[in-house]
Amino acid sequence: MSYPFDPEIAAAIPMLPEVDFRDVDASRAGMSELIASLRGEVDETGVTTRDVAVPGPEGAPDVPVRVYIPDRVATKALLFDIHGGGFALGDLEVDHASNLESARELGVVIVSVEYRLAPENPYPAGLEDCYAALEWSVKHADELGVDPERTVVHGVSAGGGLAAALALLARDRGGPAIAFQFLSVPELDDRLDTGSMRRFADTPIWHSRAAEASWDYYLGGPGKRGGPDVEIYAAPARATDLSGLPPAYVSVMEFDPLRDEGIAYAQGLLAAGVPTELHLFPGTFHGSGVIQHATVSRRESAERRAVLARVLGVEPS
């Protein structure tokens, strides 16, 4: 199927690597190579980083986190970052360059979490790792120089789904306060029955086949996605009570299988009285932001900074 992609994005599609997400090892290697090729030399000036192994869930290994402390601290808020990768790919390097940039430009302390990946560690391992890292961040708020009541959770794709789940889990456990949830192209619904999921079976980077594999990995094998026993903390789109959740920003891409579930989640938050902003970027697909020179990609990046600056209460440098 052909799609009316933004012309700048369409021109770059042939240069994107083709990776079969159903081959986890190859996908992990491909993701690492793509990040390295896009990132080039990382500017680490103005930010001090340190890696910490924090206590994991009971009976589980420690959770690696990376802490970013800017030389210029402009806010007491904390940005808690969860990387994407379809629940099966990624590590602390995925968001490293963008976290350095955000810490430096926004003057915010960031904690980024490296959660256990599926299929080796299916749900709830990854989410519980995120929760343990969030608890550690709040417990060490004084050491980090942040206000534990001003935590902003941030995630892209599967990271966005985990961020949404983390907000639900913290609400229902009476856990750490979350002030805002930034959900970029979130992966939320294991049922895979939206119009966009059915239509976009061959879009670049992410498509319905990849989504099927992703949920099979995360839920512990084939035959579980779409079934009656999937918890709301695994698939937040299943939640029927979204009241009491933190304000949210949700972004979706026009030709993304995840588009409609993101829109529906934003609408559900609004219906529950949760202040929510929703933005659809036209002519885009899931992950098209890697085509950084495209005008629409630069608009998306600029909006991310603007939204975070507003919720963090800072002026970007």
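Residues numbered from 1 in each chain as written. Predicted model: local features only at pLDDT ≥ 70, side-chain atom pairs only at ≥ 80, totals over all residues. Heavy atoms only, no water.

(A) Focus on the overall build of the chain. Along its length, the chain carries ten helices and eight strands. Taking 317 residues into account, the globule formula puts the C-alpha radius of gyration at 20 Å, and the chain, at 18 Å, falls close to it. Once the C-alpha set of the chain is aligned to its principal axes, its extents read approximately 55 × 45 × 40 Å. A total of 317 residues make up the chain; the buried ones form 54% of that total. Contacts spanning at least 24 positions in sequence make up 78% of the contacts within the chain whose residues lie at least 6 apart. In the form shown here, the chain has an accessible surface area of approximately 13000 Å², with 51% of it arising from carbon and sulfur atoms. (Helix = DSSP H or I, 4+ residues; strand = E, 2+ residues; numbered from the N terminus. Rg over C-alpha atoms; globule rule 2.2 N^0.38 Å. Buried < 20%, exposed > 50% of the residue type's maximum accessible area, 1.4 Å probe, protein only. Contact = heavy atoms within 4.5 Å. Areas by Shrake-Rupley, 256 points an atom, 1.4 Å probe, with all protein chains shown as cover.)

(B) Looking closely at the packing of aromatic side chains. In total, this model carries 13 aromatic pairs according to the counting rule given. Taking the centre distance of 5.8 Å and the plane angle of 50 degrees together, the rings of Y3 and F255 count as tilted. Here F255 lies in strand β7 (residues 248–255) and Y3 lies in the segment before α1 (7–12), a separation of 252 residues in the sequence. Take Y3 and F255: they sit in the same class, and that class is buried. One aromatic cluster is present, built from ring pairs that chain together Y3, F5, F200, F255 and F285. The residue whose ring lies beneath R173 is Y131, and the NZ or CZ to ring-centre distance is 4.7 Å. (Phe/Tyr/Trp six-rings, centres within 6.5 Å; stacked < 30°, edge-to-face > 60°. Lys NZ or Arg CZ within 6 Å of the ring centre and 35° of its normal.)

(C) Structural detail: the pattern of salt bridges. For the coordinates displayed, the defined rule picks out 17 salt bridges. The closest approach of N and O atoms between R173 and E128, which form a salt bridge, is 2.6 Å. Residue R173 is found in helix α6 (residues 158–173), and its partner E128 is found in helix α4 (residues 125–139); the two are separated by 45 residues along the sequence. Among the residues examined, R173 registers a relative accessible area of 42% and is labelled partly exposed. The partner of D260 in a salt bridge is R259, with the nearest N and O atoms 2.8 Å apart. Each of D51, R66 and E93 takes part in one network of salt bridges that share partners. (Salt bridge = Lys/Arg side-chain N within 4 Å of Asp/Glu carboxyl O.)

(D) A look at the sheet that holds strand β3 (residues 78–82). Spatial ordering of the open sheet is given by β1-β2-β4-β3-β5-β6-β7-β8, a layout of eight strands whose pairing is mixed. Looking at which strands have only one partner, the edges of the open sheet turn out to be β1 (47–54) and β8 (276–285). Across this sheet, the average inter-strand angle for adjacent strands is 20 degrees, counted without regard to direction. In this structure, β7 lies alongside β8, joined through seven bridges in parallel fashion. (Pairing = 2+ DSSP bridges. Axes fitted to C-alpha atoms, helices over the stretch in contact; angles between N-to-C directions.)

(E) Highlighting the environment of L127. Inspection of the secondary structure puts L127 in helix α4. Each C-alpha atom, one on L127 and one on G159, is 9.8 Å from the other, the two residues being 32 residues apart in sequence. Every residue in contact with L127, bar those within four places of it in the chain, is listed here: L162, A165, L166, L169, Y218 and Y233.

(F) Just the side chain of E303, in detail. Relative to the assigned elements, E303 resides in helix α10 (residues 295–312). Buried charge without a partner: E303 forms no salt bridge, and the closest opposite charge is R299, 6.3 Å away. Here the side chain of E303 touches H279 through a polar contact of 3.0 Å, side chain to side chain. Discounting residues that sit within four places of it in the chain, E303 has contacts with Y249, E277, H279 and F281. (Lys, Arg positive; Asp, Glu negative; His and termini not counted. Polar contact = N/O pair within 3.5 Å; in protein donor to acceptor, adjacent residues only side chain to side chain.)

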